[in-house]
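If you want the building blocks of each chain, they are given just below.
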Amino acid sequence: MRLLKIFIVFSSAFIFISSSGFARDITYIDSVLNPAKLQGSGRLNWWGFHVYDATFYRADTLSSAEFALDIRYQKSFTGTSIANRSAEEMKKIGVSDHQAALWGRELAGILPNIESGQSLTAIYTPKLGTVFYHDGKRIAQISGAEFSKAFFGIWLDPKTSVPKLRNELLGQGCPPPLFNEAC
């Protein structure tokens, strides 16, 4: 009887972990970062609502310039609302109103509507800039380090509006070289 109880507990735990999305396929991130190394993860809650979970990956060596940010949404949003919010957050870290508006319009043209449980991933490489993925499928690319620094700065810049999440994403590591920040 005791063995049966142990089996039920482990089976239940396995089903819970499997259905919670802990075991995600990140081969598309691995293919760029060769391999992806988890640096940190955290959760964004806004006024008590669970908005999304974010995971930050670095290339095999933490001094490498390549990195990825994967966001799994827990609420549904239009692509336009995500783009507008991104532009507003860029302004908070020092991007000019004009430039943030331009990048916001560009993002609105490429970001899809998101349903709860779906993910958006952005991968930065100096050669390509920022490449966006929706549930693991490539959807767009925006070239240039300035856009990448502003976009990823929403989460990784010292002036972010979510400093707790920034600390969770960076974990015990340093920000990527794109941010020119001493560690």
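It should be emphasised that the depicted structure is a prediction, and the values quoted were computed from it without experimental measurement. Throughout this description, residue numbers start from 1 for each chain and increase along the sequence as written. A pLDDT threshold of at least 70 governs which residues receive local features in this predicted model, and a stricter bar of 80 or more applies before side-chain atom pairs are shown or counted, although totals over entire chains, interfaces and linings include all residues. Where side-chain values are given, they derive from all heavy atoms of the structure, hydrogens and water being excluded.

1. Comments concerning helix H6 (residues 163-170)
In an α-helix there are 3.6 residues to a turn, and that puts residues three or four apart on one side.
Part 1 of the reasoning: Relative accessibility thresholds used throughout: buried, under 20% of the residue-type maximum; exposed, over 50%; partly exposed, between the two (1.4 Å probe, protein chains only). Elements are defined by DSSP. Helices are runs of H or I of four residues or more, strands are runs of E of two residues or more, and each kind is numbered from the N terminus. When we look at burial in H6, the residues that qualify are Leu-165, Arg-166, Leu-169 and Leu-170. Seen end-on, H6 carries its buried residues on one side only, within an arc spanning 130 degrees. Among the exposed residues of H6, those oriented more than 90 degrees off its buried face are Lys-164 and Asn-167.
Part 2 of the reasoning: Contact between two residues is taken to exist if any of their heavy atoms lie within 4.5 Å; hydrogens are not considered. Looking at the buried positions of H6, the neighbouring elements they touch are strand S1 (37-46), strand S2 (49-58), strand S3 (67-73) and helix H5 (145-156).
Part 3 of the reasoning: Of the residues trailing H6, Gly-171 is marked for its positive phi of about 55 degrees. For this quantity, the arc is that covered by the directions from the helix axis to the C-beta atoms.

2. Remarks on the nonpolar core
Part 1 of the reasoning: Membership of the largest hydrophobic core comes to 37 residues, with the highest contact counts inside it found for Tyr-52, Met-90, Leu-107, Phe-151, Phe-152, Trp-155 and Leu-156.
Part 2 of the reasoning: At the level of secondary structure, the elements contributing two or more residues to this core comprise S2, S3, helix H3 (79-92), helix H4 (97-110), strand S4 (119-125), H5 and H6.
Part 3 of the reasoning: If one sorts the elements of this core by residue count, H5 sits on top with seven residues.
Part 4 of the reasoning: Each residue touching Leu-107, except ones within four places of it in the same chain, is listed here: Ala-83, Ser-86, Met-90, Phe-132, Ile-142, Phe-147 and Phe-151. Among the buried residues, those of types Ala, Val, Leu, Ile, Met, Phe, Trp, Tyr and Cys that are joined through side-chain atoms within 4.5 Å form a nonpolar core.

3. Let's talk about the side chain of Asp-70
Part 1 of the reasoning: As for its placement among the helices and strands, Asp-70 is situated in strand S3.
Part 2 of the reasoning: Assessed through its relative accessible area of 2%, Asp-70 is described here as buried.
Part 3 of the reasoning: One polar contact links Asp-70 to Thr-121, side chain to side chain, over a distance of 2.5 Å. Nitrogen and oxygen atoms within 3.5 Å of one another constitute a polar contact, given that in protein one can donate a hydrogen and the other can accept it, and given that sequence-neighbouring residues count only through two side-chain atoms.

4. With respect to the pattern of salt bridges
Part 1 of the reasoning: Only one rule defines a salt bridge in this text: a Lys or Arg side-chain nitrogen within 4 Å of an Asp or Glu carboxyl oxygen. Counted by the stated rule, this structure contains five salt bridges.
Part 2 of the reasoning: We note a salt bridge from Glu-88 to Lys-91, for which the minimum N-O separation is 3.0 Å. Residue Glu-88 and its partner Lys-91 are located together in helix H3, separated by three residues, close to a single helical turn.
Part 3 of the reasoning: Residue Lys-91 is classed as partly exposed on the basis of its relative accessible area, which comes to 29%.

5. Side note on the packing of aromatic side chains
Part 1 of the reasoning: What counts as a ring pair is set by centres within 6.5 Å for rings of Phe, Tyr and Trp (its six-membered ring), and what kind of pair is set by the plane angle: stacked under 30 degrees, edge-to-face over 60, tilted for all other angles. Under the defined criterion, the tally for this structure stands at twelve aromatic pairs.
Part 2 of the reasoning: Relative to Phe-77, the ring of Tyr-73 has its centre 5.8 Å away and its plane inclined at 65 degrees; by these criteria the two rings are edge-to-face.
Part 3 of the reasoning: Looking at Tyr-73, the relative accessible area reads 6%, which means it is buried.
Part 4 of the reasoning: We classify Phe-77 as partly exposed; its relative accessible area is 28%.
Part 5 of the reasoning: Chaining the aromatic ring pairs together yields one cluster made of Phe-56, Phe-67, Trp-103, Tyr-124, Phe-132, Phe-147, Phe-151, Phe-152 and Trp-155.
Part 6 of the reasoning: Cation placement over rings: the criterion is NZ of Lys or CZ of Arg within 6 Å of the ring centroid and within 35° of the ring normal. Sitting over the ring of Trp-46, Arg-85 keeps its end group 5.4 Å from the ring centre.

6. What about unusual backbone geometry?
Glycine aside, the phi torsion of most residues is negative, and most peptide linkages are trans.
Part 1 of the reasoning: A cis geometry characterises the amide bond from Asn-34 onward to Pro-35, with omega recorded as -15 degrees.
Part 2 of the reasoning: You can see Pro-35 is positioned in the loop between helix H2 (27-33) and S1.
Part 3 of the reasoning: In this structure, Asn-34 takes a positive phi of about 50 degrees despite not being glycine.
Part 4 of the reasoning: Here Asn-34 shows up in the loop between H2 and S1.
Part 5 of the reasoning: The exposure class assigned to Asn-34 is exposed, which follows from its relative accessible area of 60%.

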